[in-house]
Amino acid sequence: MALQGLKVIEFVGLAPGPFCGMLLADFGATVTRIDMTPRNSLDMLQGGKRSLALNLKKPKAIEVVRSLCSRSDVMIEPFRPGVMEKLGLSPATLLQDNPRLVYARLTGFGQTGSHAARAGHDINYVALSGVLSLLGRKASKPYAPINLVADFAGGGLMCAFGILAALVERHRSGKGQIVDNAMVEGAAYVGSWLFRSQSLPLWGKARGENMLDGGTHFYDTYETKDGKFLSVGAIEHRFYQQLLEGLGLDPDLSQFGHEEERRKQFEDIFRTKTRDEWMAIFETKDACVFPVLELDEVASYAHNRDRQVFLDPLKTTDDTTVPTPAPKLSRTPATSGALSKKRDDLEMTVEILGEVGIDFPQIVRLHEEGVVLLSTAPKL
């Protein structure tokens, strides 16, 4: 795979950190997660990673982490500023041990600034980025799109990009560096087009009244007779004409003006047929009309099957619907960690610590000393 041979240390966290590590692991990196307890069940993105549980209050555990980082290419940490320094694992320390290390710091507010030490969640980071102010229906309060914008797009995905950029630069300089990825900045950067397109006719009105935010009848979702939904994105006039034809309306009707009247007309018409009946009509029309699929429908949808957008649930380790890695590489395709078999924590611990010269009898002693944490006590 594309990142084969890359060694990554990932400190346990929620959402953005695990997603960043998942991206690297799916594309071939060996990702070793440092846990605080054995058998962490909160990380839903751990497939394909190795796990080592350590008591970081013990000096010997810190020595183990330093040994691992000295032999690794990347280290990902999701803690508030100052935590790693208190543990004795600061960038200065680890980069002195390993000058080629890419030290990725993934936080909400970044390592500096007045909010750096404060707690926050996705909704707060998106709020400060400015993007949240654009999201929501007409005359409604701003509405957060679950936790996709900051945690995953501006957080994990942007951090992975920063890591790869630093690794590419390392090929020239031979030196690692610190990647300071703040989710406020990441969310803002993901929203670059939104900021830089404000002078276009798409915008200019209040939230929920613009072309792409639910303010137009031709770019919205509509409920069908069976309680399901269709997405409509007929922005260009030629697509709008085919939309009108599919709805049985005069294709010469004006696309603009009479907005509320036209929306009500569309709502009434779409409710006269089921979602599948409408899709049979629009299957041969370029009207930008497609079904809003539920999670239990996505894997069986024809196009998604053709492109293998989702894994076969019967082949995943927990029988759930899992997206396949994207984008697709022609020579060195990625493989989802969800296809990896679950491994025993002792087996992984022996493998990981063996790479830094710690043998099984030493592991037993470290477990007895409370340094290495295992769900079952190892025996010589």
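Scroll up to find the structure.
Residues numbered from 1 in each chain as written. Predicted model: local features only at pLDDT ≥ 70, side-chain atom pairs only at ≥ 80, totals over all residues. Heavy atoms only, no water.

Chemist: With reference to specific residues and values, describe the packing of helix 1 (residues 16–26) against helix 6 (residues 148–173).
Modeler: One can describe the packing of helix 1 onto helix 6 by two numbers: an axis separation of 8 Å at closest approach and a directional angle of 45°. As far as their axial angle goes, helix 6 and helix 1 are oblique. In this structure, helix 1 crosses over helix 6, and the sense of that crossing is right-handed. Mapping the contact onto sequence places P16, F19, C20, L23 and L24 in helix 1 and D151, F152, G155, G156, L157, C159, A160, I163 and L164 in helix 6. In terms of residue class, the contact of helix 1 with helix 6 is made up of eleven nonpolar, two polar and one charged. (Axes fitted to C-alpha atoms, helices over the stretch in contact; angles between N-to-C directions. Helix = DSSP H or I, 4+ residues; strand = E, 2+ residues; numbered from the N terminus. Parallel < 35°, antiparallel > 145°, perpendicular 65-115°, else oblique. Left-handed = near helix turned anticlockwise from the far one by under 90°. Contact = heavy atoms within 4.5 Å. Nonpolar A, V, L, I, M, F, W, Y, C, P; charged D, E, K, R; others polar.)

Chemist: Can you explain the sheet that holds strand 2 (residues 30–35)? Please cite residues and give values.
Modeler: Strand order in the open sheet formed by six strands is 3-2-1-4-5-6, with parallel pairing between adjacent strands. Two strands lie at the open edges of the sheet, namely strand 3 (50–53) and strand 6 (178–182), each paired on one side alone. For this sheet the average axis-to-axis angle between neighbouring strands, irrespective of direction, equals 20°. Bridge analysis of strand 4 (residues 74–77) against strand 5 (residues 102–107) gives four bridges, and the strand direction is parallel. (Pairing = 2+ DSSP bridges.)

Chemist: Go over the packing of aromatic side chains with me, naming the residues and quoting the values.
Modeler: Scanning the model with the defined rule gives eleven aromatic pairs in all. Ring plane angle 75° and centroid distance 5.8 Å describe the contact between F11 and F79, whose orientation is recorded as edge-to-face. Placement of the pair is F11 in strand 1 (residues 7–11) and F79 in the loop between strand 4 and helix 3 (83–87), with a sequence separation of 68 residues. Among the aromatic residues, those joined into a cluster by ring pairs are Y222, F266, F270, W278 and F282. The lysine or arginine in question, K273, covers the ring of W278, its NZ or CZ lying 4.9 Å from the ring centre. (Phe/Tyr/Trp six-rings, centres within 6.5 Å; stacked < 30°, edge-to-face > 60°. Lys NZ or Arg CZ within 6 Å of the ring centre and 35° of its normal.)

Chemist: Requested: an account of the sheet that holds strand 8 (residues 229–233), with residues and values cited.
Modeler: The strand order across the open sheet built from three strands is 7-8-9, with neighbouring strands paired in antiparallel fashion. Whereas interior strands pair on both sides, the edge strands pair on one side only; in this sheet they are strand 7 (219–223) and strand 9 (289–291). Going across the sheet, the axis of each strand differs from the next one's by a mean of 25°, ignoring polarity. Inspection of the sheet shows strand 7 paired to strand 8 by five bridges, in the antiparallel sense. Note on strand 8: the bridge partner recorded for D220 is V232.

Chemist: Got a sec to walk through the pattern of salt bridges? Specific residues and values, please.
Modeler: Under the defined criterion, the tally for this structure stands at 19 salt bridges. R105 is the partner of E77 in a salt bridge, and the nearest nitrogen-oxygen pair spans 2.5 Å. With E77 in strand 4 and R105 in strand 5, this residue pair connects regions lying 28 residues apart in the sequence. Owing to a relative accessible area of 0%, E77 belongs among the buried residues under this scheme. We note a salt bridge from D220 to R263, for which the minimum N-O separation is 2.3 Å. Here D220 is found in strand 7, whereas its partner R263 is found in helix 10 (residues 259–270), with 43 residues between them in sequence. (Salt bridge = Lys/Arg side-chain N within 4 Å of Asp/Glu carboxyl O. Buried < 20%, exposed > 50% of the residue type's maximum accessible area, 1.4 Å probe, protein only.)

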